[in-house]
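# Results of the structural survey
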Number of protein chains: 4
Amino acid sequence: MSILTLTIQCPDKKGIIADVTKFIHSNKGNILYIDQYVDRENKAFFMRLESEFASKANGFNTIHLSFEKGPAKKYNMNWSLFQKEQKRRMALFVSKYDHCLYDLLGRYRSGELDVEIPFIYSNHPDLEHIADSFRIQFYHFPVSKSNKIEADEFQLNLLKKYNISFIVLARYMQIISPKIINEFTNKIINIHHSFLPAFPGAKPYHSAFERGVKIIGATSHYITDELDGGPIIEQDVTHVSHTNSINQLVIKGRDLEKIVLARAVKNHISHKVMVFRNKTIIFS
Amino acid sequence: MSILTLTIQCPDKKGIIADVTKFIHSNKGNILYIDQYVDRENKAFFMRLESEFASKANGFNTIHLSFEKGPAKKYNMNWSLFQKEQKRRMALFVSKYDHCLYDLLGRYRSGELDVEIPFIYSNHPDLEHIADSFRIQFYHFPVSKSNKIEADEFQLNLLKKYNISFIVLARYMQIISPKIINEFTNKIINIHHSFLPAFPGAKPYHSAFERGVKIIGATSHYITDELDGGPIIEQDVTHVSHTNSINQLVIKGRDLEKIVLARAVKNHISHKVMVFRNKTIIFS
Amino acid sequence: MSILTLTIQCPDKKGIIADVTKFIHSNKGNILYIDQYVDRENKAFFMRLESEFASKANGFNTIHLSFEKGPAKKYNMNWSLFQKEQKRRMALFVSKYDHCLYDLLGRYRSGELDVEIPFIYSNHPDLEHIADSFRIQFYHFPVSKSNKIEADEFQLNLLKKYNISFIVLARYMQIISPKIINEFTNKIINIHHSFLPAFPGAKPYHSAFERGVKIIGATSHYITDELDGGPIIEQDVTHVSHTNSINQLVIKGRDLEKIVLARAVKNHISHKVMVFRNKTIIFS
Amino acid sequence: MSILTLTIQCPDKKGIIADVTKFIHSNKGNILYIDQYVDRENKAFFMRLESEFASKANGFNTIHLSFEKGPAKKYNMNWSLFQKEQKRRMALFVSKYDHCLYDLLGRYRSGELDVEIPFIYSNHPDLEHIADSFRIQFYHFPVSKSNKIEADEFQLNLLKKYNISFIVLARYMQIISPKIINEFTNKIINIHHSFLPAFPGAKPYHSAFERGVKIIGATSHYITDELDGGPIIEQDVTHVSHTNSINQLVIKGRDLEKIVLARAVKNHISHKVMVFRNKTIIFS
């Protein structure tokens, strides 16, 4: 018994759903879940489909190949096929803040995150003890103006060596190099501590305090070349009041950051996030 | 150009989605939206599908008949087919509170609710002026212990005379007769002013105050024989504090009641609510 | 029996609370409610106090005068004293959207808003029928580039003639003249349909759609010379998804706008909002 | 420099606030924060006051004694005085679930919880490794029907030996003995995984699933003799849908449990919770 997840993006045309479901059916698959969305303005079609196949024999490669030659070609699809058993490999980048790291590792250990975490990377040595206590390899390489190139090199080597599928920036306070962004397009998940597009950049809690907002937020998004401008995956907010100091905003915000980042990571792991024109489609 | 909405409920089997989408395609339809859900425990399948058909000629009746003989029969479906142009006819029952009535009529007039409202019925004369100002027929028939049968008769006659599709109890403070419930199964929408199953029955704000809860809620559900026990369509809540008097809970609650009832009515109108074993499936 | 509300703003010093409460006590008053806040960074003190006085004889004017000579002078206070019986006079400015207007008038009629509403002003004639049905005087004066001065004149005359205490812009789509802003500092309440500071200016729902946010909001603030830059009174948000069209954002947003504006107005009416350095203190 | 927190509960009378603030002032104190509440129906007065005193000499004991003889006696107060420097001693009781434990210890270590945690007690040995990694003493004593008395004895001895101020049940799945409840009245904080009073007792997520609610919640309350019937400190909720399995409710609920319990603990530590007739007053 094998479960496959298929994600599709292509120009909208009549008959796609019928053809794809017919394909699954004729390959002895049972559709467990189907979700679809059409962006009518841009005539773009998106689908996510989970199917169960009785035997492994009629397996992944056969289905992959015949889908390629069949519906994928006919509709000019941008598509992917994933096996549920095959866990994705997630790298964690951190700096000094530990709350998101603890939160993700707690969920990982409880089985809530169905991934492998080959390593944690940081530009500071501070959180090594956490990696140790969860028995995950920790790499430390400082980042400064003078060694930016070496640091990028170091990171890229790690990502390749461990065959990483996607990166989570769990309050990693450094800019990611364009080269890495390019190799991991829509595969680097960041958490920003404001409800974007309000308060991009540094010190959003300070800015929120200055402006006197009654609500603060957190935003998880994919990293692009534009600072805090990538496709938004998840956002949430909490009410604050005039009595809250900046420090209290920071503390309240930590709870948001943890939850918003965790939700984004979970959606990414389940292949529920698709990106189109700098916006996300999030299947349920 | 015609838009049809198809809702399906049947035992879960392989191939339903493929067969249904193939059916639409072979009838020259274009699927605008598909949502589906499988209750694995109970092996029950649910689907909602919106399709666009190019000509009215290959119209409603033809499609209805051939679906009946085709997929519906094959999979033993409990199904319905709706035409978007054909508005449903909604009856409003009220007592003395006007906030939900005003809210629904405001949404109706702004075009947010795609229905016809042939009449408003009340056991009190108080809100007739609102019906008048919206130019909707108002019927008043008092309900007491001694005239319960006549009142039921009066209501049933109205419902039939106006060919009513579904009933909204917008803070109607009377028990609906089993006969009407029976004829309008899953077609009578109530708003209860608590987060059910907490505080069923009378005076939930008083009970919430007594218990000292920090959150109050409102629940919209279909009416069944069991008081406040029907399938829940929508719920929402708001925070309260020790400083709130019962009267302040009532005022805060009114905003919840309006929004929760409106959301439930909108989902019902769009055929997005399906009922199974006293629970709802709400398609998005 | 008379209830007075006292609001105070002054440099923070020792003994203010003791002196003020002693003052109330020695004037035979009973404190019903006290709330206070100190902005330590700016050494600013804020207080709101409700007291009950047994007889009207020892009334408003006596207390006002002796507070002026006593604590107010000692602590260099910026202060106000209000009588509960004396309702404030609220002007409503609207354009063509009716949802906030309906909502406020519904709350007004149900007794939720303890004000007088002498008139509704609009630059369009469309909503006159609503004013009529609530029996409130309606004034229409069109605003264009060429008659801006006359329109300002017209508005100012109305505000003076009716002795208006504060103005609510219930989706009034015009810029208020600096002259009026100046005469009604922190007395003009606006509702902006975004979570400021995100998406200031025109068409925020369009911008929110373009950016692909997962949350939309509404913000009520006092009008200042800076567009959408005034002190924020209240904000709230709701979740949205990729499936929501701009029009659906608009519809969802309407529910937010109504509630956020109503809350701001209620806080203003109860003298619970104090403004300091472009931020608000909101007492509970 | 010393900061004292005073909490007061007494029959409502004129002049309490004036007398108390005068007392602080005449003892050379500066009021940092005052919050007060009157339950008019029950004529009960509640106050919380933070004050800063310049020298330690004019210290805790002097103030305590003179308040006792002064306002406390005059108004028949039920009152307490706390020194900010003196940390409260919190015991943690757990069973097998680790999410609330991790969450509280993370907050503790980050300085968010201003307490001492002398030990963690459990009826199971499973979470000892967490206590170890945070270097907190761990005690394990199994609880069964046959050794209930010994287990109670064991717990009471620990609580006394370590001079515990209050107990947090971080998903401790056992009934607390009446003897301990009696010695720690309004000092045992529990987290229940439902929005009480809905779904008290065992397996609330299962019951929520069965009933088909659209919202699940968590409730933190003080333990009393009545199961899940004690004064509610904090509640929060999250939306769920028909697609969520019981297991998904459990996972979503964990995030609620952590946050709701943490907020309750923080309010308790800051002496912001007062209990009256099985309800809480929560100062801000």
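Not measured: the values here are computed from a predicted model.

Attention now moves to the packing of helix H1 (residues 16-26) of chain B against helix H2 (residues 60-74) of chain B. All names here are of chain B. Packing of H1 against H2 brings their axes to within 10 Å, and their N-to-C directions diverge by 160°. It follows that H1 is roughly antiparallel to H2 by the angle criterion. Relative to H2, H1 is oriented so that their crossing is right-handed. On the side of H1, the interface is formed by Asp19, Val20 and Phe23, while H2 contributes Ile63, Ser66, Phe67, Pro71 and Lys74. When its residues are assigned to classes, the contact of H1 with H2 shows five nonpolar, one polar and two charged.

Turning to the pairing of strand S8 (residues 137-140) of chain A, a few remarks are in order. All names here are of chain A. As paired strands, strand S7 (residues 119-122) and S8 are joined by four bridges and run parallel to one another. Bridged to Ile120 within S8 is Phe138. Crossover connection from S7 via helix H4 (residues 128-133) to parallel S8: handedness right-handed.

Turning next to the interface of chain A and chain C. At the interface, 31 residues of chain A touch 31 residues of chain C. Between chain A and chain C, roughly 2500 Å² of surface is buried when both sides are summed, and carbon and sulfur atoms account for 58% of that area. Considering only the side of chain A, the residues that lose the most area to chain C are Arg211, Lys214 and His242 of chain A, jointly responsible for 28% of the buried surface there. Linking chain A with chain C are zero salt bridges. If you look at where chain A meets chain C, you find 18 residue pairs in polar contact (both at pLDDT 80 or more). When grouped by side-chain class, the residues that make up the side of chain A that touches chain C number 14 nonpolar, nine polar and eight charged.

On to the domain arrangement of chain A, then. Residue and element names in this part refer to chain A. You can read the domains of chain A as domain 1 (2-83) and domain 2 (88-282). Listed by partner, the interface residues are 12 residues for domain 1 and nine residues for domain 2. Roughly 870 Å² is buried in total at the junction of domain 1 and domain 2, and carbon and sulfur atoms are behind 68% of that figure. Ranking the residues of domain 1 by area buried against domain 2 places Phe46, Arg48 and Phe82 at the top, with a combined share of 44%. Across the contact surface, domain 1 and domain 2 share zero salt bridges. In this assembly, domain 1 and domain 2 are joined by three residue pairs in polar contact (both at pLDDT 80 or more). Elements that contribute at least two residues to the side of domain 1 that touches domain 2 include exactly strand S1 (2-11), strand S2 (29-39) and strand S3 (44-53). Across the side of domain 1 that touches domain 2, the residue classes break down as six nonpolar, four polar and two charged.

Once that is clear, we can look at the pattern of salt bridges. If the charged atoms of two oppositely charged side chains come close together, the side chains can form a pair. With the rule as written, the count across this model stands at 64 salt bridges over all chains. Across the pair Lys258 of chain A and Asp103 of chain D runs a salt bridge whose closest N-O atoms are separated by 3.6 Å. You can see Lys258 of chain A sitting in helix H8 (residues 246-269) and its partner Asp103 of chain D sitting in helix H3 (residues 99-109), one on each of two chains. Between Glu50 of chain B and Arg48 of chain B there is a salt bridge, with its nearest N and O atoms 2.8 Å apart. Judged on exposure class, the residue Glu50 of chain B and its partner Arg48 of chain B are both buried. Residues joined by salt bridges that share partners form a network here, namely Asp103, Arg107, Glu112 and Lys266 of chain A together with Arg254, Asp255 and Lys258 of chain D.

Definitions and limits used
- Residues numbered from 1 in each chain as written.
- Chains lettered and ligands numbered in written order.
- Predicted model: local features only at pLDDT ≥ 70, side-chain atom pairs only at ≥ 80, totals over all residues.
- Heavy atoms only, no water.
- Axes fitted to C-alpha atoms, helices over the stretch in contact; angles between N-to-C directions.
- Helix = DSSP H or I, 4+ residues; strand = E, 2+ residues; numbered from the N terminus.
- Parallel < 35°, antiparallel > 145°, perpendicular 65-115°, else oblique.
- Left-handed = near helix turned anticlockwise from the far one by under 90°.
- Contact = heavy atoms within 4.5 Å.
- Nonpolar A, V, L, I, M, F, W, Y, C, P; charged D, E, K, R; others polar.
- Pairing = 2+ DSSP bridges.
- Right-handed = clockwise from strand over helix to strand, strands pointing away.
- Buried area = accessible area lost by both parts, 1.4 Å probe.
- Salt bridge = Lys/Arg side-chain N within 4 Å of Asp/Glu carboxyl O.
- Polar contact = N/O pair within 3.5 Å; in protein donor to acceptor, adjacent residues only side chain to side chain.
- Domains from an automatic or database assignment.
- Buried < 20%, exposed > 50% of the residue type's maximum accessible area, 1.4 Å probe, protein only.

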